[in-house]
Amino acid sequence: MGDERQIADWREDMQIVLESKVDELHILGYEQATVDLVWDCIVSQWKKKKSEVRLHEMVNAILSLKSAQYMNYLTMENYNTSEWLSNEQLLNELLGVRE
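Residues numbered from 1 in each chain as written. Predicted model: local features only at pLDDT ≥ 70, side-chain atom pairs only at ≥ 80, totals over all residues. Heavy atoms only, no water.

1. A word on the overall build of the chain
Thought 1: Regarding its fold elements, the chain presents six helices and zero strands.
Thought 2: Put simply, the chain runs from its N terminus to its C terminus through helices and strands in the order α-α-α-α-α-α.
Thought 3: Looking at the chain residue by residue over its 99 residues, the buried ones come to 34%.
Thought 4: Here the analysis covers contacts within the chain between residues at least 6 apart in sequence; of these, 64% occur between residues at least 24 apart.
Thought 5: Of the accessible surface of the chain, which amounts to about 6,600 Å², a share of 49% is contributed by carbon and sulfur atoms. (Helix = DSSP H or I, 4+ residues; strand = E, 2+ residues; numbered from the N terminus. Buried < 20%, exposed > 50% of the residue type's maximum accessible area, 1.4 Å probe, protein only. Contact = heavy atoms within 4.5 Å. Areas by Shrake-Rupley, 256 points an atom, 1.4 Å probe, with all protein chains shown as cover.)

Have a look at this one:
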């Protein structure tokens, strides 16, 4: 992606938007959601889609991120690590088990 540095520079500017999305995910029961994880999820989507990114498009991508997209991202990221099944708390969250 040609605009990786530009997107990295926007990270601070997106803090309020990211916190809003994390709060929404917490309300929906995804207590482990963090600003960093949401940001990584959004950036990974942009790496797949296009090289030119505008600020308003990034804000829209964050605010319109669905919980299913976020969980798919977490699942794939954790699947790619060798220890994803050993993290019982994450596994319970993925399976919807409430403690």
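After that view, the rundown keeps rolling.
2. Examining helix H2 (residues 15-27)
Thought 1: Taking 1.5 Å of rise per residue, the 13 residues of H2 would be expected to cover 18 Å, and the 18 Å separating its terminal C-alpha atoms lies within 8% of that figure.
Thought 2: One or two residues past the end of H2 sits glycine 29, with phi positive at roughly 100 degrees. (Expected span 1.5 Å × (residues − 1).)

3. Overview of the packing of H2 against helix H4 (residues 55-63)
What describes two packed helices is the angle between their axes and the distance between those same axes.
Thought 1: Interaxial distance between H2 and H4 falls to 9 Å at its minimum, and their mutual angle equals 15 degrees. With respect to H4, the axis of H2 lies roughly parallel. The two elements H2 and H4 meet at a crossing, and its hand is right-handed. The residues of H4 that touch H2, namely those facing Val17, Leu18 and Lys21, are Val59, Ile62 and Leu63. (Axes fitted to C-alpha atoms, helices over the stretch in contact; angles between N-to-C directions. Parallel < 35°, antiparallel > 145°, perpendicular 65-115°, else oblique. Left-handed = near helix turned anticlockwise from the far one by under 90°.)

4. Re the side chain of arginine 11
Thought 1: Among the secondary structure elements, arginine 11 is positioned in the loop between helix H1 (4-10) and H2.
Thought 2: Residue classification places arginine 11 among the buried residues on the basis of a relative accessible area of 19%.
Thought 3: Within the structure, the side chain of arginine 11 is placed 2.7 Å from the side chain of aspartate 36, a separation counted as a polar contact.
Thought 4: Setting aside anything within four residues of it in sequence, one finds arginine 11 in contact with Leu18, Val35, Asp36 and Trp39. (Polar contact = N/O pair within 3.5 Å; in protein donor to acceptor, adjacent residues only side chain to side chain.)

Read these as spatial facts, not as claims about activity.
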